[in-house]
Amino acid sequence: MPDDVTSGFLPGQDFAQLLAALTGQGYRCVGPTVRDGALVYDTLQGVRDLPAGVHIQQSPGSYRVEFSQGKRLFGWANGPQALKPLLFAPREVLWQAQRTAGGELHFSQEIPEPLPTAVIGVRACDLAALELQDRHFLETDVPDAGYGARRRQLFLVAVNCTRPAETCFCASTGDGPAVSRGYDLVLDELDEGFIIRSGSTSGDGILDLLTLQPVSPQQLGAATDATVRAAAMQGRQLPGRNLRDLLFGNLDHPHWEVVAARCLSCGNCTSVCPTCFCYRELDQPALGGESSRHYREWDSCFTQGHSYIHGFTVRPDTRLRYRQWLTHKLGGWHDQYGRSGCVGCGRCIAWCPVGIDITEEVGAIAASPA
Ligand code: SF4
Ligand code: SF4
């Protein structure tokens, strides 16, 4: 491959080359694998761990893995995880306190030392969510040390989506199905192999290690057609990209009560959402009082404790909690982060046990605004 080439074609049978190149550069390879009836990110030992021929059927309140004779490794939309748990740990120690023999307290911050990690198979919606999480955790006066340490070690191998789920609507939020930025490498999967392009100097370094063929115009055309088709296949959409005024102008809309009658306040939607970042902090002192650990763990705006302030709960019922989730994500984020907090991944629809569909709920309010 000539020095200045930043793309090429990797035959399907040579995909192991990519994993070997990443491993050779010191990365732990993490990618999609099927476990417990879902597609989850896990450490890859080899290409055999990737979900060849796997498709996923998703609909409101339903997620089903299907196996086919196909050879494609990335013929699915997404699993319940995004990149979020790899960066914003579900539970971690932030700092510890230790009491010395003399009775003094010593405090120490816990900063993780993660291995360099290459994530294979990242979708456009999840890269958009990562950009938002970066903004929240890093682009602030006090960047988050743990998130930052993990983020610096991340190498992202994205894959353009060709088979969206019934629940996907990233085309309507402008975040997919084609990847446009934020990756080190991006793949287009064709029947015979992969078009592979670099998006960073780290990506260039990995491409240099691969034996690639030139990309033909037919292959390029097939890849473009596939993502255009994937966008056209999406049946859901939000009623607009900026719903701030609609939602804040309809805080007393009767539809909030309709959703609350079904919603279980379980918080599944916030757990699977790749942009949700609420957490709580708690201390775990040793029984003898000689030390204490200060933890951070994921929380949800659907829990009672999340809005508990000095003796009372600000949002005591489900109507107020669901309204908070939606008005913040689709409204307040425009003020905080300059865009909506929804990237159209559809996870909250599939993983809601009662099948509440964010696009339908907002659509109902948009159809009969106050
Ligand atoms: S609100 Fe739902 S569809 Fe939007 S990003 Fe979160 S989980 Fe995905
Ligand atoms: S909308 Fe669904 S997933 Fe979210 S809290 Fe309510 S029942 Fe649970």
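It should be emphasised that the depicted structure is a prediction, and the values quoted were computed from it without experimental measurement.

Chemist: Sorry, what's going on with the overall build of the protein chain here?
Modeler: Looking only at helices and strands, the protein chain has 13 helices and 15 strands in total. The C-alpha radius of gyration computed for the protein chain amounts to 22 Å, which stays within 12% of the reference 21 Å derived for 370 residues, consistent with globular compactness. With respect to the three principal axes, the spread of C-alpha positions in the protein chain is 65 × 65 × 35 Å. A burial count over the protein chain gives 51% of its 370 residues as buried. Put simply, 71% of the contacts in the protein chain that link residues at least 6 apart link residues at least 24 apart. As presented, the protein chain carries roughly 17,100 Å² of accessible surface, and 50% of it is formed by carbon and sulfur atoms. Each charge class in the protein chain was averaged separately, 32 positive and 40 negative side chains, and the resulting centres sit 4 Å apart.

Chemist: Looking at this structure, how should I read the pattern of salt bridges?
Modeler: The full count for this structure, using the stated rule, is 20 salt bridges. Two residues, Arg296 and Glu92, come together in a salt bridge whose shortest N-O distance is 2.9 Å. With a gap of 204 residues between them, Arg296 in strand β13 (residues 291–298) and Glu92 in strand β6 (residues 91–99) connect regions that are remote in the sequence. Glu92 shares its class with Arg296; the two are buried.

Chemist: So what exactly am I meant to see when it comes to the site of ligand 2 here?
Modeler: Close to ligand 2 lie 13 residues, the nearest being Cys263, Leu264, Cys266, Cys269 and Cys352. Considering only residue class, the shell around ligand 2 consists of 10 nonpolar, 3 polar and no charged.

Chemist: Can you walk me through the domain arrangement of the protein chain in this structure?
Modeler: Note: interface size is frequently given as the accessible area lost on complex formation between the parts. As assigned here, the protein chain comprises domain 1 (7–232) and domain 2 (244–367). In this structure, domain 1 and domain 2 have C-alpha centres spaced 25 Å apart. Taken together, the contacts link 42 residues of domain 1 with 42 residues of domain 2. Both sides together, the interface formed by domain 1 and domain 2 hides about 3,700 Å², and carbon and sulfur atoms give 56% of it. Residues Asp144 and Arg296 are paired through a salt bridge, measuring 2.7 Å at the closest nitrogen-oxygen approach. Contributions of two or more residues to the side of domain 1 that touches domain 2 are made by β4 (54–59), β5 (62–67), α2 (84–87), β6, α3 (124–137) and α5 (170–173). Of the residues assigned to the side of domain 1 that touches domain 2, the class counts are 21 nonpolar, 13 polar and 8 charged.

Chemist: So what exactly am I meant to see when it comes to the sheet that holds β13 here?
Modeler: Each strand in a sheet pairs with its neighbour through backbone hydrogen bonds, running either in the same direction (parallel) or in the opposite one (antiparallel). With antiparallel pairing, the 4 strands of this open sheet are ordered in space as β7-β6-β13-β12. Edge positions in the sheet fall to β7 (105–109) and β12 (279–285), since each of these pairs with one other strand and no more. Here the strands of the sheet are splayed against their neighbours by 20° on average, with no regard to which way each runs. Where β6 lies against β7, 5 bridges are found, and the strand directions are antiparallel. Looking at β7, one finds that Gln96 is bridged to Ser108.

Chemist: In this structure, what is going on with the sheet that holds strand β2 (residues 28–35)? I would like to understand it.
Modeler: One open sheet holds the 7 strands; their spatial order is β1-β11-β10-β9-β8-β2-β3, and the pairing between them is mixed. With one partner strand each, in any of the chains shown, β1 (7–11) and β3 (38–43) form the two edges of the open sheet. On average, each strand axis in the sheet is inclined to that of its neighbour by 25°, with strand direction left out of account. Examined bridge by bridge, β1 and strand β11 (residues 193–198) share 5 bridges and lie antiparallel to one another. By the bridge assignment for β11, Ser7 is matched with Arg197.

Chemist: Explain the packing of aromatic side chains to me, please; I cannot follow it from the model alone.
Modeler: Aromatic rings considered in pairs are described by the distance between their centres and by the relative angle of their planes. Within the structure shown, the criterion is met by 18 aromatic pairs. Ring geometry for Tyr322 against Trp325: centres 6.0 Å apart, planes inclined by 65°, an arrangement best described as edge-to-face. Here the residue Tyr322 and the residue Trp325 both occupy positions in helix α11 (residues 318–337), the gap between them amounting to 3 residues, near one helical turn. The two residues Tyr322 and Trp325 agree in class, both being buried. Between Trp333 and Tyr337 the ring centres are 4.9 Å apart and the planes differ by 55°, which places this aromatic pair in the tilted class. Taken together, the positions of Trp333 and Tyr337, both in helix α11 and 4 residues apart, correspond to about one turn of that helix.

Chemist: Hey, could you run me through unusual backbone geometry in this one?
Modeler: Among all residues save glycine, negative phi is the norm, and among peptide bonds the norm is trans. Cis rather than trans, the peptide bond between Gly176 and Pro177 has omega equal to 0°. Topologically, Pro177 is positioned in the loop between α5 and β10 (185–190). Phi at Asp36 is positive, roughly 55°, even though this residue is not glycine. Residue position: Asp36 is located in the loop between β2 and β3. Relative accessible area serves as the criterion here: at 75%, Asp36 is assigned to the exposed category.

Reading the values: rules and limits
- Residues numbered from 1 in each chain as written.
- Chains lettered and ligands numbered in written order.
- Predicted model: local features only at pLDDT ≥ 70, side-chain atom pairs only at ≥ 80, totals over all residues.
- Heavy atoms only, no water.
- Helix = DSSP H or I, 4+ residues; strand = E, 2+ residues; numbered from the N terminus.
- Rg over C-alpha atoms; globule rule 2.2 N^0.38 Å.
- Buried < 20%, exposed > 50% of the residue type's maximum accessible area, 1.4 Å probe, protein only.
- Contact = heavy atoms within 4.5 Å.
- Areas by Shrake-Rupley, 256 points an atom, 1.4 Å probe, with all protein chains shown as cover.
- Lys, Arg positive; Asp, Glu negative; His and termini not counted.
- Charge placed at Lys NZ, Arg CZ, Asp CG, Glu CD.
- Salt bridge = Lys/Arg side-chain N within 4 Å of Asp/Glu carboxyl O.
- Near = heavy atom within 4 Å.
- Nonpolar A, V, L, I, M, F, W, Y, C, P; charged D, E, K, R; others polar.
- Domains from an automatic or database assignment.
- Buried area = accessible area lost by both parts, 1.4 Å probe.
- Pairing = 2+ DSSP bridges.
- Axes fitted to C-alpha atoms, helices over the stretch in contact; angles between N-to-C directions.
- Phe/Tyr/Trp six-rings, centres within 6.5 Å; stacked < 30°, edge-to-face > 60°.

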